[in-house]
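Structural overview for review
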Amino acid sequence: MRNQNHNDNGIIKEKLKKVEELKEIGIEPYGRKYEKLNDIAEINRYDETCDKVFKTAGRIVAFRRMGKNGFGQIQDPTGKIQYYVKKDEVGEEQYEIYKKMGLGDFIGLEGKLFRTNTGELTLRVDSFEVLSKNVRPLPEKFHGLTNIETRYRQRYVDLVMNREVMDTMKKRFQIIRFFRSYLEKQGFTEVETPMMHPVAGGATARPFVTHHNALDMELFLRIAPELYLKRLLVGGFEKVFEINRSFRNEGISIKHNPEFTMMELYQAYADFNDMMDLTEDLISSLTFELHGKYEIEYEDKTINMAKPWRRVTMKGIVKETTGFDFDTVSSDEDAINKAKEMNIPLEKDRTYTKYGILNLIFEEKVEGTLLNPTFITEYPKEISPLSKNQKGETEWVDRFELFISGREFANAYSELNDPRDQKERFEEQVKLKEAGDDEAQGMDLDYIRALEYGMPPAGGLGIGIDRLVMLQTNSASIRDVILFPTLRKEDIEL
């Protein structure tokens, strides 16, 4: 590493020298506005018989100079193209300027197309303009930027050297555009709700805490937009959605980033069955839009995203997969003993109920086996504080989670709109928090007050955008689909 840093320092010194040489002859090394008329992809659609003059710009990613002429290659977000500069054609003064260019520089080029003896389409440069000098060496062409952590930290270099990364990010924003278009066609209105909350709620998670000096009050970065979106239903909106960031102060893994993107929507007069239908159609339609088919490859497995998707209760899939029949459990102790028999880890200082054990068994023994899209329904009430009870039931709620390739992708309820019931459930969450559960929700009295004004029956849905992008781009880690993932602070020396 020391030798590499020494080599880099030598290259940086030489590059800085060229910056000063350009200044000495009156050329701005960090140029101004340039009228780029043609993307590289557009130029590549023509051939050498075209008599059109093209004007483009990009970063130099290949550079070689041989006496009175030089070849190079520039790239922009749409592609790459070779260019050719000849001293006799651009003039001696311009060619002297070109000699001070190099790998990593941004350059503006103007010229016509021709084809080299090797058959490569090439832009013959009539004129060029220095747009920005690079002073830090890019990774070697053949070895590239391969260190994973460096790629995430220096995403700006990763995008230059690994073009598939830019393709992934473009597909990410294509997915978000599709969501917006689909939902707007269904009559949903896109809204924005607060990112800082006085009460952490809407999900079970540990929040980030901050302090507002002027108001002298504690605030939480939102863990979910749910409670504010449902306030809008109280106010008269009937179909709303939001695509935005949420924040959870929890561990980092290939599936988790503390800052992540969620899509949440709420529809008045609907229920969780309507949300299942919408989710199924939305994601299967997205898959066909991106791939032209319903089968996709993810981590060496083929997943069939075509409708209809399987729908099965949590109790049913646990029994089917493990043989554990929850309906035969008579007490919390029975369930705990069964979990121990199945070698499911239990925390010593935590109190477990039979419903919590059912959920643990599902997470440990079943979740990872669900390859094709599967809706898991009928969740225990105690782990679903915002969901409406099943009709005639006291311990089960109208809720589903969507699993694909062993991971959760969506969560939805028939929304609880009874203010007294909601307050009681918040009170249970407060007890859990006081007992040491950092992820339990707080008591949001304003939300209770809103429900007292009346909220229509509704269905609500949340989809994790990052995980969906992972699935649709066959990316192994959530960091691969976030432009700037959260990382440990780095000591940088320049």
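The model shown is predicted, which means the values in this text are computed figures rather than measured ones.

**A look at the domain arrangement of the chain**
When the domains of the chain are assigned, the result is domain 1 (1-138) and domain 2 (161-309 + 372-480). Averaged C-alpha coordinates put domain 1 and domain 2 at centres separated by 47 Å. Counting from both sides, the interface comprises seven residues of domain 1 and, opposite them, four residues of domain 2. Both faces combined, the contact of domain 1 with domain 2 buries some 360 Å², and carbon together with sulfur accounts for 50% of it.

**With respect to the UniProt feature "domain: Aminoacyl-transfer RNA synthetases class-II family profile" (unreviewed entry) in the chain**
In the numbering adopted here, UniProt assigns the feature "domain: Aminoacyl-transfer RNA synthetases class-II family profile" (unreviewed entry) to residues 175-485. Here residues 175-485 runs as 34% helix and 24% strand, with 19 Å between its end C-alpha atoms.

**Some remarks on the UniProt feature "binding site: Mg(2+) 2" (unreviewed entry) in the chain**
Taking the UniProt record as the reference, the feature "binding site: Mg(2+) 2" (unreviewed entry) is found at E408. Positionally, E408 belongs in strand 17 (residues 407-414). For E408, a relative accessible area of 28% gives the class partly exposed. Among all residues touching E408, those that are not within four sequence positions of it are E401, L402, F403 and R467.

**A short note on the pattern of salt bridges**
With the rule as written, the count across this model stands at 35 salt bridges. The partner of D39 in a salt bridge is K36, and the shortest N-O contact between them spans 3.8 Å. A relative accessible area of 32% places K36 in the partly exposed class. Between E149 and R153 there is a salt bridge, and its shortest N-O distance comes to 3.0 Å. With E149 and R153 both in helix 5 (residues 148-153) and four residues apart, this pair spans about one turn of that helix. Salt bridges here are not isolated pairs; linked through shared partners, they connect R231, D444, D446 and R449.

**Remarks on the pairing of strand 16 (residues 396-404)**
Buried residues dominate strand 16, accounting for nine of its nine residues. In strand 16, alternate side chains face the same way, and those of W396, D398, F400, L402 and I404 on one face and V397, R399, E401 and F403 on the other are all buried. Summarising the sheet, strand 16 and strand 17 pair through six bridges and their orientation is antiparallel. Counterpart to F400 in the pairing with strand 17 is A412. Here strand 16 hands over to strand 17 after two residues, with S405 in that stretch at a positive phi of 50 degrees.

**Brief notes about the environment of L138**
Among the structural elements, L138 can be located in the loop between strand 5 (121-132) and helix 5. As a C-alpha pair, L138 and V157 span 19 residues in sequence and 7.4 Å in three-dimensional space. Setting aside its immediate chain neighbours within four residues, L138 contacts R59, G104, V157, V160 and M161.

**Some details on the sheet that holds strand 5**
The strand order around the closed barrel built from five strands is 1-2-3-5-4, with neighbouring strands paired in mixed fashion. Ignoring strand direction, the axes of neighbouring strands in this sheet form an average angle of 50 degrees. Direction of pairing for strand 1 (residues 54-66) relative to strand 4 (residues 106-115): antiparallel, over a ladder of six bridges. What sits directly across from F54, in strand 4, is G111.

**Describing the nonpolar core**
Judged by nonpolar contacts, the single largest core of 42 residues is most densely connected at F179, M263, L265, L461, I463, L468 and L471. In terms of residue count, helix 9 (residues 272-291) provides more of this core than any other element does, eight residues in total. Apart from residues no more than four positions distant in its own chain, I463 is found in contact with F179, T261, M262, M263, T279, L282, I283, F409, A410 and L468. The next biggest cluster of nonpolar side chains, apart from the first, holds 25 residues, and it includes F326, I357, L370 and I376.

**Structural notes on the sheet that holds strand 9 (residues 217-221)**
Strands sit in the order 7-9-8 across an open sheet of three strands; the sheet is antiparallel. Bordering the open sheet on either side are strand 7 (196-197) and strand 8 (209-212), each of which pairs with just one other strand. Bridge analysis of strand 7 against strand 9 gives two bridges, and the strand direction is antiparallel. In the strand pairing of strand 9, H197 is matched with F220.

Definitions and cut-offs
- Residues numbered from 1 in each chain as written.
- Predicted model: local features only at pLDDT ≥ 70, side-chain atom pairs only at ≥ 80, totals over all residues.
- Heavy atoms only, no water.
- Domains from an automatic or database assignment.
- Contact = heavy atoms within 4.5 Å.
- Buried area = accessible area lost by both parts, 1.4 Å probe.
- UniProt positions renumbered as here; feature names shortened; annotations may be inferred.
- Helix = DSSP H or I, 4+ residues; strand = E, 2+ residues; numbered from the N terminus.
- Buried < 20%, exposed > 50% of the residue type's maximum accessible area, 1.4 Å probe, protein only.
- Salt bridge = Lys/Arg side-chain N within 4 Å of Asp/Glu carboxyl O.
- Pairing = 2+ DSSP bridges.
- Axes fitted to C-alpha atoms, helices over the stretch in contact; angles between N-to-C directions.
- Core = buried A, V, L, I, M, F, W, Y, C linked by side-chain atoms within 4.5 Å.

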